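Summary of the model geometry
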Amino acid sequence: MSNKTLNKKLTSFSAHLDEQYGKKGTSEREQYEEEFEAFKLGAMIQELRKEQGLTQEQLAEKCGTTKTYISRIENNASDIRLSTLMRIIREGLGGNLKLNVTH
């Protein structure tokens with residue numbers, strides 16, 4: 001396959017998202033973006049927990065929640081309260097949460 005043919009078949013990730021979920025600003029795309037951010041947050045917490053050699057149960061005990069709640073956050077952090085997230089990161093993982101707002 002020539003490079004010219006290959007380039008015609010390649011699609012940028014941004015173009016793929018536009019096609020799959022609509023352009024930025026549409027309700028479908030905003031929902032996708034929110035769900036993706038929740039996924040990234042859950043993955044980040046899971047990675048930090050594993051780096052520290054903690055089980056979900058151990059992390060839950062350190063920050064006063066349950067293993068089930070930690071599991072829910074790691075798998076879909078979309079409904080987590082900010083105060084709970086801060087407690088998990090501060091008390092459970094020994095870190096600090098910094099928020100960033102973009103336009």
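These figures come from a predicted structure and were not determined experimentally. Every residue gets a number counted from 1 within its own chain, in the order that chain's sequence is written. Where totals are concerned, whole chains, interfaces and linings use all residues; where local detail is concerned, this predicted model gives features only for residues with pLDDT of at least 70, and gives and counts side-chain atom pairs only at 80 or more. Remark: hydrogens and water are excluded; side-chain values derive from all non-hydrogen atoms of the structure.

1. Focus: the pattern of salt bridges
Salt bridges are defined as contacts in which a side-chain nitrogen from Lys or Arg sits within 4 Å of a carboxyl oxygen from Asp or Glu. The tally for this structure, following the rule as stated, stands at five salt bridges. For E33, the salt bridge is made with K24, and the minimal N-O distance between the two is 3.9 Å. Here the salt bridges share partners, and the residues they tie into one network are K24, R29 and E33.

2. Regarding helix α3 (residues 27–51)
Helix and strand definitions follow DSSP, with helices as H or I runs of at least four residues and strands as E runs of at least two, each counted in order from the N terminus. A helix's residues, less one, multiplied by 1.5 Å, set its expected span. The end-to-end C-alpha distance of α3, which contains 25 residues, comes to 36 Å, matching closely the 36 Å that a straight helix rising 1.5 Å per residue would cover. When checking whether two residues touch, look at their non-hydrogen atoms; a contact exists if any pair is within 4.5 Å. The elements touched by buried residues of α3 are α2 (13–21), α4 (56–63), α5 (67–75) and α6 (82–92). One or two residues past the end of α3 sits G53, with phi positive at roughly 70°.

3. With respect to a nonpolar patch on the surface
Where nonpolar side chains cluster on the molecular surface, the patch consists of L82, M86 and L99 and spans about 300 Å² of accessible area. Here L99 lies in the segment after α6. Only residues whose relative accessible area exceeds 30% and that take part in no salt bridge are eligible for patches, with like-charged residues grouped when within 9 Å of each other and nonpolar side chains (Val, Leu, Ile, Met, Phe, Trp, Tyr) grouped when within 5 Å. Areas reported as accessible are Shrake-Rupley estimates using a 1.4 Å probe. Residue values count occlusion only from the protein chains shown.

4. Digging into the environment of L93
Take L93: it is sitting in the segment after α6. Between the alpha carbons of L93 and L48 there is a distance of 7.1 Å; along the sequence they are 45 residues apart. In this view, L93 contacts I45, L48, R49, Q52, L54, L59 and I88; residues no more than four positions away in its chain are not counted.

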